[in-house]
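In case you want the letters, here they are:
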Amino acid sequence: MAKDAYERGMKTRRKVLGDEWVDRALATLTPFNTEYQELIARFAWNEIWNRPGMSHRERRIIVIAQTAAMGRWDEFKLHAGAALRSGDLTADDLKEVLLQTTVYCGVPTGNHAFREARELVAAAAQARKPAPAKPRKRQ
């Protein structure tokens, strides 16, 4: 049962954060932190993220607001960036989350959140731009 919960949690973690980030995190496993990583896979990523009461999109919105509110900027950037890259949130969606967060958490939090998000939004927009067409050779 625990192995199944771990596998379901890892599948969700990869869906939410992306393979690249999860692979980097797994590359840092040591005997000291392995049990912790297994715990968060089973509990956070399976038991909580896979509950039927909310969609992953709704959970992303909550996490983004909470990490901004707590000033956990590394986690904020991780989740906001992943949401933009996956298409779960648009730049306008993120803006709405941050405006709501500003009202309830204060202007300094909003200032910092918008500053962090600006870079993420720009990077996501750049990633969506199609590569320039190669000139066709004349024959």
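Residues numbered from 1 in each chain as written. Predicted model: local features only at pLDDT ≥ 70, side-chain atom pairs only at ≥ 80, totals over all residues. Heavy atoms only, no water.

### Details of the overall build of the chain
Then step 1. Along its length, the chain carries seven helices and zero strands.
Then step 2. Over its C-alpha atoms, taken along the principal directions, the chain stretches across nearly 60 × 50 × 30 Å.
Then step 3. Across the 139 residues in the chain, those meeting the buried criterion constitute 32%.
Then step 4. Long-range pairs, those at least 24 residues apart, make up 61% of the contacts in the chain between residues at least 6 apart in sequence.
Then step 5. Here the chain has roughly 9,700 Å² of accessible surface; of this, 56% comes from carbon and sulfur atoms. (Helix = DSSP H or I, 4+ residues; strand = E, 2+ residues; numbered from the N terminus. Buried < 20%, exposed > 50% of the residue type's maximum accessible area, 1.4 Å probe, protein only. Contact = heavy atoms within 4.5 Å. Areas by Shrake-Rupley, 256 points an atom, 1.4 Å probe, with all protein chains shown as cover.)

### A few points about the packing of aromatic side chains
Then step 1. In the structure shown here, the tally under the stated rule is two aromatic pairs.
Then step 2. Geometrically, the ring pair formed by Trp 45 and Trp 49 is stacked, given 5.0 Å between the ring centres and 25 degrees between the ring planes. Take Trp 45 and Trp 49: they sit in the same class, and that class is buried.
Then step 3. On the numbers, 5.3 Å between centres and 75 degrees between planes, the contact of Trp 73 with Phe 76 is edge-to-face. A residue pair is termed a helical-turn pair when its members lie 3 or 4 positions apart in one helix, as Trp 73 and Phe 76 do in helix H5 (residues 73–86) at three residues.
Then step 4. Trp 73 gets classed as buried once you look at its relative accessible area, which sits at 16%.
Then step 5. Owing to a relative accessible area of 0%, Phe 76 belongs among the buried residues under this scheme. (Phe/Tyr/Trp six-rings, centres within 6.5 Å; stacked < 30°, edge-to-face > 60°.)

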